[in-house]
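Below are the chains, spelled out letter by letter.
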Amino acid sequence: MEWAEGPVRVRVPATSANLGPGFDTLGLALGLHDVVEARVTGSGLDVEVSGEGTEDVAGAGEKHLVVRAMRVAFDDLNVAQPPGLALRCVNRIPHGRGLGSSAAAIVAGLIAARALAGASTSPEDVLPLASVLEGHPDNVAPCLFGGLTIAWVGTGAAGLPEARAIRLDPRPEVLPVVFIAPRPVSTTVARGLLPAVVPHADAARNAGRAALLVAALTVRPDALLEGTEDKLHQDYRAPAMPHTHDLVARLRAAGVPAVVSGAGPSVLAFLTESLTRDEVKRLDSIAVETGIDWHISPLAIERQGASVTPGVPSAR
């Protein structure tokens, strides 16, 4: 096997899935990134982690999600596992906050492995396996493609399920603002609160709001408040994250389009004007009313998605 000469550097963005009514379908790439540098070595596994979540993944070794994704990718490519791997991970995406940290790790691992093996790293080629590993495509799709994505599982080769996605460009005046919660909430716990059956009227309402949201983000930002209404999942998850539910309600009552980011507990809001000092104060005053300390972070929409370039050789 001819491995890539030198390391590869993969940059992956944070994402916010669902965006309110687009449950397990809509996702948005955000301008906050993790960086993974990977290279093939003579033997062993060396993983260096810094930044967000270091205490959670330090010493994880083969259990590290980036490493696990790389192993799966090599097997999927039908190539032998490399003799050794060295990884340097710089994490900026908070863990367990609903900003796609696991999707970013999966995408980074798959792209790094494919780049080292000389295989295609196009989003279309990476998406199917990334979706399988994540369990659903709504976070991995915007992480790969950038921008706003509509993702679904269709029928692929040999009649097997396969994730697909369409990428759209949000209007330039749409400004995401993230309210990052001080503590994580397990995605498994959040999903476990969802009922097996929902009222038909709620499902129909959500279908209409999801369609409206796509139009609001790409054509009519003035419809964002109505377009971000949800009846399918957010209220059911409130017991696991009452402060999140409270913040979303307060922001929406103030006329700010706001949703639970992914499975929570962070909150995503949309502004359509430049974020002035007065607007920051207004958002902060609303957040303070919930009684916990939110980190308010305006973020650009990441329009490129995941990228891979030659890395800088390490002195280690």
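Up top is the structure these notes are about.
Everything quoted here is computed from the prediction, not taken from an experiment. (Residues numbered from 1 in each chain as written. Predicted model: local features only at pLDDT ≥ 70, side-chain atom pairs only at ≥ 80, totals over all residues. Heavy atoms only, no water.)

## Here we look at the overall build of the chain
Next up, step 1: Broken down by element type, the chain carries eleven helices and eleven strands.
Next up, step 2: Relative to a compact globule of 316 residues, whose C-alpha radius of gyration would be 20 Å, the chain shows 20 Å and is just as compact.
Next up, step 3: Taking the principal axes of its C-alpha atoms as reference, the chain extends roughly 60 × 45 × 35 Å.
Next up, step 4: Evaluated residue by residue, the chain yields a buried proportion of 51% over its 316 residues.
Next up, step 5: Counting contacts in the chain only where the partners sit at least 6 residues apart, residues at least 24 apart contribute 73% of the total.
Next up, step 6: Carbon together with sulfur atoms contributes 53% to the accessible area of the chain, which is approximately 13700 Å² in total.
Next up, step 7: Here the chain carries 27 positive and 34 negative side-chain charges, and the mean point of each set is 2 Å from the other. (Helix = DSSP H or I, 4+ residues; strand = E, 2+ residues; numbered from the N terminus. Rg over C-alpha atoms; globule rule 2.2 N^0.38 Å. Buried < 20%, exposed > 50% of the residue type's maximum accessible area, 1.4 Å probe, protein only. Contact = heavy atoms within 4.5 Å. Areas by Shrake-Rupley, 256 points an atom, 1.4 Å probe, with all protein chains shown as cover. Lys, Arg positive; Asp, Glu negative; His and termini not counted. Charge placed at Lys NZ, Arg CZ, Asp CG, Glu CD.)

## So, the sheet that holds strand β9 (residues 267-271)
Sheet strands associate in pairs through backbone hydrogen bonding, adopting either a parallel or an antiparallel arrangement.
Next up, step 1: Overall, antiparallel pairing links the four strands, which are arranged β8-β9-β7-β10 in an open sheet. Each having just a single partner strand, β8 (258-260) and β10 (295-298) make up the two edges of the open sheet. Direction aside, neighbouring strands of the sheet carry axes that sit 20° apart on average.
Next up, step 2: Of the pairings in the sheet, the one linking strand β7 (residues 175-180) to β10 comprises four bridges and is antiparallel in character. The partner of I180 across the bridge, within β10, is H295. (Pairing = 2+ DSSP bridges. Axes fitted to C-alpha atoms, helices over the stretch in contact; angles between N-to-C directions.)

## Comments concerning the pairing of strand β2 (residues 26-41)
Next up, step 1: Counting buried positions along β2 gives 13 out of 16 residues, so the element sits mostly inside the fold.
Next up, step 2: Where strand β1 (residues 8-17) lies against β2, ten bridges are found, and the strand directions are antiparallel. Directly across from P13, in β2, lies its bridge partner H33.
Next up, step 3: Inspection of the sheet shows β2 paired to strand β5 (residues 148-155) by three bridges, in the antiparallel sense. Of the residues in β5, the one forming a bridge with L26 is I150.
Next up, step 4: Two strands pair when backbone bridges link them, and β2 and strand β4 (residues 84-91) are joined in this way by seven bridges, in the antiparallel orientation. Considered in β4, the bridge of R39 is made with A86.

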